[in-house]
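Spelled out from the first residue to the last, the chains are:
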Amino acid sequence: QVQLVESGGGLVQAGGSLTLSCAASGISFPFYNMGWYRQAPGKERERVAVITSSSSTKYADSVKGRFTISRDNAKNTVYLQMNSLEPEDTALYYCNAALSVDSTTTYWGQGTQVTVSS
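This write-up is about the structure you can find in this document. Here the structure is a predicted model, which is why all the values come from computation and not from measurement. (Residues numbered from 1 in each chain as written. Predicted model: local features only at pLDDT ≥ 70, side-chain atom pairs only at ≥ 80, totals over all residues. Heavy atoms only, no water.)

1. Some details on the sheet that holds strand 7 (residues 67-72)
Strand order in the open sheet made by the four strands is 1-3-8-7, with antiparallel pairing throughout. This sheet does not close on itself; its edge strands, each paired only once, are strand 1 (3-7) and strand 7. For this sheet the average axis-to-axis angle between neighbouring strands, irrespective of direction, equals 15°. Bridge analysis of strand 3 (residues 18-25) against strand 8 (residues 77-82) gives six bridges, and the strand direction is antiparallel. Its bridge partner being in strand 8, C22 is matched across the sheet by V78. (Pairing = 2+ DSSP bridges. Helix = DSSP H or I, 4+ residues; strand = E, 2+ residues; numbered from the N terminus. Axes fitted to C-alpha atoms, helices over the stretch in contact; angles between N-to-C directions.)

Below, the structure is given as structure tokens:
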């Protein structure tokens, strides 16, 4: 059974920092591209950052320079370090795993709420 369990969300003031974690089980983690997505109320889900199985990274323009995605294959965990948080970053953050050789094989976590107060 595949599980992606996010943690680390919470309430933070603007300018603050949070680190999200996503622990994966039931998949061959090193072979998966891992991503963080977010969805704010009334908005579509958007991709925030992705790290490939070879550890290449890509970021949404809105978070470049503020967020850093990383992975620890030994712990089957992907992280999202979020600095200089803005109220616009408030959203439910989801972890995604997509098999690198077949992106149709994909899994989602339940999400963790990040709320940034002004």
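2. Some details on the side chain of R66
The residue R66 is located in the loop between strand 6 (57-59) and strand 7 in this model. At 2.9 Å, the side chain of R66 and the backbone oxygen of S62 are in polar contact. (Polar contact = N/O pair within 3.5 Å; in protein donor to acceptor, adjacent residues only side chain to side chain.)

3. Here we look at the pattern of salt bridges
Counted according to the given criterion, the structure contains five salt bridges. Here R38 makes a salt bridge to D89, at a shortest N to O gap of 2.9 Å. Here the residue R38 occupies a position in strand 4 (residues 32-39), and D89 occupies one in the loop between strand 8 and strand 9 (91-99), the gap between them amounting to 51 residues. D89 sits in the buried class, given a relative accessible area of 1%. The salt bridge involving R66 is made with E86; its shortest N-O contact spans 3.9 Å. With a gap of 20 residues between them, R66 in the loop between strand 6 and strand 7 and E86 in the loop between strand 8 and strand 9 connect regions that are remote in the sequence. A cluster of three or more residues bridged by salt bridges with shared partners is formed by R38, E46, R66, E86 and D89. (Salt bridge = Lys/Arg side-chain N within 4 Å of Asp/Glu carboxyl O. Buried < 20%, exposed > 50% of the residue type's maximum accessible area, 1.4 Å probe, protein only.)

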